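Here are the chains, one letter per residue:
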Amino acid sequence: MKMIAYCGLDCGVCPARAAYLNDDDELRRKTASEWSSMYGADIPPVSINCTGCTGEGIKFHHCEHGCEIRRCALPREIANCGECAEYPCEKITAFFEFVPEARENLEG
């Protein structure tokens, strides 16, 4: 069974979650380097940890502090945006431009 984030990302293939679950420092370093380059940000390896955005526990910094989609979904008490009465909204539609497979996860 897939673990789907509010936005439709598959947490099962996320390196931040894998690094946390396996306590894998090499994966943290590799992912921090890739994401820093990809997003033009300074992402330290220590921040590459996550238990998934929909449950309790450790969150990747952006997902906990900067994700508008997560902030919107939390008070609605839904499993993901696909369950929202307002789906698809502007926020999630804009996100799908960058990650089209997220739509498939929410609608599949």
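Details of the structure are given in the entry above.
Values in this document were obtained by computation on a predicted structure and should not be read as measured data.

The rules behind the values
- Residues numbered from 1 in each chain as written.
- Predicted model: local features only at pLDDT ≥ 70, side-chain atom pairs only at ≥ 80, totals over all residues.
- Heavy atoms only, no water.
- Axes fitted to C-alpha atoms, helices over the stretch in contact; angles between N-to-C directions.
- Helix = DSSP H or I, 4+ residues; strand = E, 2+ residues; numbered from the N terminus.
- Parallel < 35°, antiparallel > 145°, perpendicular 65-115°, else oblique.
- Contact = heavy atoms within 4.5 Å.
- Nonpolar A, V, L, I, M, F, W, Y, C, P; charged D, E, K, R; others polar.
- Patch = residues over 30% accessible without salt bridge, like charges linked within 9 Å, V, L, I, M, F, W, Y side chains within 5 Å.
- Areas by Shrake-Rupley, 256 points an atom, 1.4 Å probe, with all protein chains shown as cover.
- Salt bridge = Lys/Arg side-chain N within 4 Å of Asp/Glu carboxyl O.
- Buried < 20%, exposed > 50% of the residue type's maximum accessible area, 1.4 Å probe, protein only.
- Phe/Tyr/Trp six-rings, centres within 6.5 Å; stacked < 30°, edge-to-face > 60°.

Caption draft 1: View of the packing of helix α5 (residues 90–98) against helix α6 (residues 100–107). Contact geometry for α5 and α6: axes closest at 5 Å, N-to-C directions at 125 degrees. Here α5 lies oblique to α6, going by the angle between them. Listed contacts from α6 to I92, T93, F95, F96 and F98 of α5 are P100, A102, R103 and L106. Taken together, the residues of the contact of α5 with α6 break down into seven nonpolar, one polar and one charged.

Caption draft 2: Just the environment of L106, in detail. Examined against the element boundaries, L106 turns out to sit in helix α6. Counting along the chain gives 17 residues from L106 to C89, while the straight-line C-alpha distance between them is 13 Å. With near-sequence residues (within four places) excluded, L106 lies in contact with I4, A5, Y6, C7, G8, N80, C81, G82, Y87, I92 and F96.

Caption draft 3: How the structure looks around a nonpolar patch on the surface. Together, Y20, L21 and I58 give the surface a local cluster of nonpolar side chains, amounting to about 270 Å² of exposed area. Topologically, L21 is positioned in helix α1 (residues 15–22). Given a relative accessible area of 51%, L21 falls into the exposed group.

Caption draft 4: Layout of the packing of aromatic side chains. Counting across every chain of the model gives two aromatic pairs. Taking the centre distance of 5.0 Å and the plane angle of 75 degrees together, the rings of W35 and F60 count as edge-to-face. Residue W35 is located in helix α2 (residues 25–39), and its partner F60 is located in the loop between α2 and α3 (61–65); the two are separated by 25 residues in the primary sequence. F60 gets classed as buried once you look at its relative accessible area, which sits at 11%. Aromatic side chains Y87 and F96 sit 6.4 Å apart centroid to centroid with 75 degrees between the ring planes, which places their arrangement in the edge-to-face category. For the residue pair Y87 and F96, the accessibility class agrees, reading buried in each case.

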